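# Observations on the model geometry
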Amino acid sequence: MKHLTSFALALTLIATVCVAKSPYQSVLQHSRIRGRQQGPNVCAMQMIPGTDKKYFTNCKQWYHRKICGKPTVISYECCPGYEKIPGERGCPAALPLVNIFNTLGAVGATTTQMYSDRAKLKEEVEGPGSFTFFAPSNEAWAALPTEILDALVSNVNIELLNALHYHMVNRRLTSEDLRHGSSFVSMYQDFDVHIHHYPSGIVTVNCARLIKTDQHATNGIVHVVDRVITAISNNVHTFIDTDDDLETLRTAIAAAGLTTMLENDGQYTVFAPTNEAFEKIPPDTLNRILGDPVALRDLLNYHILKHMQCAESIVSGTPMETLQGTVLEVGCDGEGMTLNGKAIITKKDQLGTNGVVHYINELLIPDSAKTLLELAEGSTVSTATKMFVEAGLSPHLSGSEALTLLAPQDDAFKGSLVMTEAMRKLMTNHILKEQLSSKSLYHGQELETLGGLKLRVFVYRNNLCIENTCIAAHDKTGRFASMFTVDKVLTPPMGTVMDILKADDRFSLLVGAIQTAGMTELMNQQGALTVFAPTNDAFNAMSRPELNRLMRNRQELAGVLKYHMGEGMLVSGGVGSHTRLQPLQGDKLELGMRNSTVYVNKIPAVEADLMATNGVIHAVNSIVKPLPAKVDREQADGPATLIRTASSRSDSKGFRNEDLFQKVMKSRSSRTMTRQ
């Protein structure tokens, strides 16, 4: 029975520990753990030098030692509800439990205490009741504009009293009660205060951060906040509707039919572009978007988050989903908010009943509202963009055609970039006739270009390629068209494998060997071959007698050539580590990629991806020969071979050490362990 009781107690303790804590309680607990070496009830705080900002720390912040991109220093303070005793370590004493008025003084909110006395609130917060007081810190009062503070203090019986009552709730609310998205009726004309409890452990009331939380009193609880909060009566749209600096935004919202949404209940974050932000956009682009309801709605929804995000809740860059469906990275740099890494927020935390507005001085245009040309101009394909424009393709890139652009990265272009007729034709063949998603492409699919060519799709385990070029980044999907960033300039197929070899003087000896072996038809017929084509240098590296003997033996020559030809199309982008390719004759070829060079049986290709209508050619300067059996087996079996080898070595070592093993087993310590 005693054991059952102990077991039940253990289960109760485990259940207690495993009860889900609020994010604030979780970071508080972590701060306690980090501070316990300093003594009992000590919490580790992270402080940003040069500011008065301090934070309880979570595990990630502790190791990074950064908040809002700024290095932090660690300070150790008494955890909430405790105080120091002279001569003793840590904070062993619980704070005396006194009424709210005296608690204000104990937690350092002396300005709030003073104004409570002036406004005749002292008697109320000293007397019976159960209140929650969101008490502004001394620094919060000092940060108020002088004219506002003067207006409050000059009319203490009404304005100041009302302001203080708005900071109070007529019930005790601990941090556990302050749940994300909750609202509580204040003691000023029943106006609500709005709570947000973020995963980082930060808690806000009307976007003011709680900096000293859960300070208990005999008649309630005090939470010290970092700013003076004001009553909220208007929704987000009313706020936008009454600010002349947001006139263009207001017009755009009405045109897109978003007015009702911003008037209804919700928890929105609106990054509101000012009139100045709209004026920075080229008139043609702005007029195009304003005149296109779909693009306009996408543009505006890209500025609205699905949830409410106060500035004080941001401690690092975090991707957040917008109503448009894509994400913005909302971050901070010191004390300022950032969007996609840019410090473009000019005014923050303008609170409405259904959300918060942050002003920005730069318009954010999502890909879904852009033309192809705008997509390209905003990406790392500046050279390709220039070439498309010089080729006279701007009307296609700026219009409303359903197209897909294959845009090579800047480093894909080599040598002189003179716009010739051939180059113009090549750039035209980088534009496909339909809007595609890379997720919809499949192996063997054919895609037609504006130039009338058919391009093939190759799907590999490690890559997705169109002819010789492979997709190097996520799709960019514009208003009417899409863009694939690719790793190479396209080389469309211009003939059969035999046509390509005949047109290149480097392969004249190979062409003769193919004809001698009677394989010309194979090189011209429909199909898909990967050819590792020996150059003249490869044949000339053979001794003259060896070459003559090979050329006289038609069957042996055909076997050598077929060992250089694999079944299927394998462009360089499809080659990974230990890729294998079955040749037309012989054991599998071992392929690899090192420093952007394709290797076949350890021989480097001097040029890759010569595209043909029935295959692909990779030029090699050596005759490809089978690898030695041992090397081939190790590459085929990989780690398993090594494990078997190690195992056999271990077994032999075990036999050699049999005498030592028996001595250990007979030792006194071994006998002791056996008895236990």
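Data block above holds the structure.
Residues numbered from 1 in each chain as written. Predicted model: local features only at pLDDT ≥ 70, side-chain atom pairs only at ≥ 80, totals over all residues. Heavy atoms only, no water.

### Considering the state of the cysteines
Formally: In plain terms, two cysteine sulfur atoms within 2.5 Å form what is called a disulfide here. Under the DSSP-based scheme used, a helix requires at least four consecutive residues in state H or I and a strand at least two consecutive residues in state E, with every element numbered from the N terminus. Burial classification: accessible surface area is computed with a 1.4 Å probe over protein chains only, and a residue below 20% of its type maximum counts as buried, one above 50% as exposed, and the rest as partly exposed.
Under the criterion given, the structure shown has five disulfides. The residue that forms a disulfide with C43 is C79, at a sulfur-sulfur distance of 2.0 Å. Every disulfide takes its handedness from the sign of the S-S torsion; for C43 and C79 that torsion is 110 degrees, giving right-handed. Of this pair, C43 sits in strand 1 (residues 42-47) while C79 sits in the loop between strand 5 (73-78) and strand 6 (82-83); the two residues are 36 residues apart in sequence, bridging distant segments of the chain. Exposure remark for C43: the relative accessible area of 1% places this residue in the buried category. Note on cysteine connectivity: C207 is disulfide-linked to C310, with sulfurs 2.1 Å apart. Disulfide C207 to C310: torsion about the S-S bond roughly -70 degrees, handedness left-handed. With C207 in the loop between strand 12 (203-205) and strand 13 (208-217) and C310 in the loop between strand 16 (304-305) and strand 17 (318-321), this pair connects stretches of sequence that are 103 residues apart. Classification of C207 as buried rests on a relative accessible area of 0%. Cysteine pairing for the chain, with bonded cysteines counted in sequence order: 1-4, 2-8, 3-5, 6-7, 9-10.

### Description of the sheet that holds strand 35 (residues 603-612)
Note the cut-off: Here a strand pair is declared whenever DSSP counts at least two bridges between the two strands. Convention adopted: a line fitted to C-alpha atoms gives each axis, helices being fitted over their contacting stretch, and angles between N-to-C directions are expressed from 0 to 180 degrees.
Strands sit in the order 31-30-36-35-34-33-32 across an open sheet of seven strands; the sheet is mixed. The sheet terminates laterally at strand 31 (565-567) and strand 32 (579-581), the two strands that pair on one side only. The sheet shows a mean angle of 35 degrees between the axes of neighbouring strands, taken without regard to direction. Across four bridges, strand 33 (residues 589-594) lies against strand 34 (residues 597-600) in antiparallel orientation. Along strand 34, the bridge assignment pairs M593 with V598.

### Focus on the sheet that holds strand 26 (residues 464-466)
Here we have four strands laid out as an open sheet, ordered 24-25-26-27, and antiparallel in their pairing. Pairing within the sheet leaves two strands with one partner each, and these edge strands are strand 24 (446-448) and strand 27 (469-470). By the bridge criterion, three bridges tie strand 25 (residues 454-459) to strand 26 in an arrangement that is antiparallel. In the sheet register, V459 faces strand 26, and the bridge partner there is L464.

### Quick notes on the pattern of salt bridges
Threshold: Any carboxyl oxygen of Asp or Glu that lies within 4 Å of a side-chain nitrogen of Lys or Arg is treated as forming a salt bridge with it.
Overall, the coordinates contain 24 salt bridges when judged by the stated rule. Its salt-bridge partner being K386, residue E390 comes within 2.9 Å of it at the nearest N-O pair. Here the residue E390 and the residue K386 both occupy positions in helix 17 (residues 382-390), the gap between them amounting to four residues, near one helical turn. The exposure class assigned to K386 is partly exposed, which follows from its relative accessible area of 46%.

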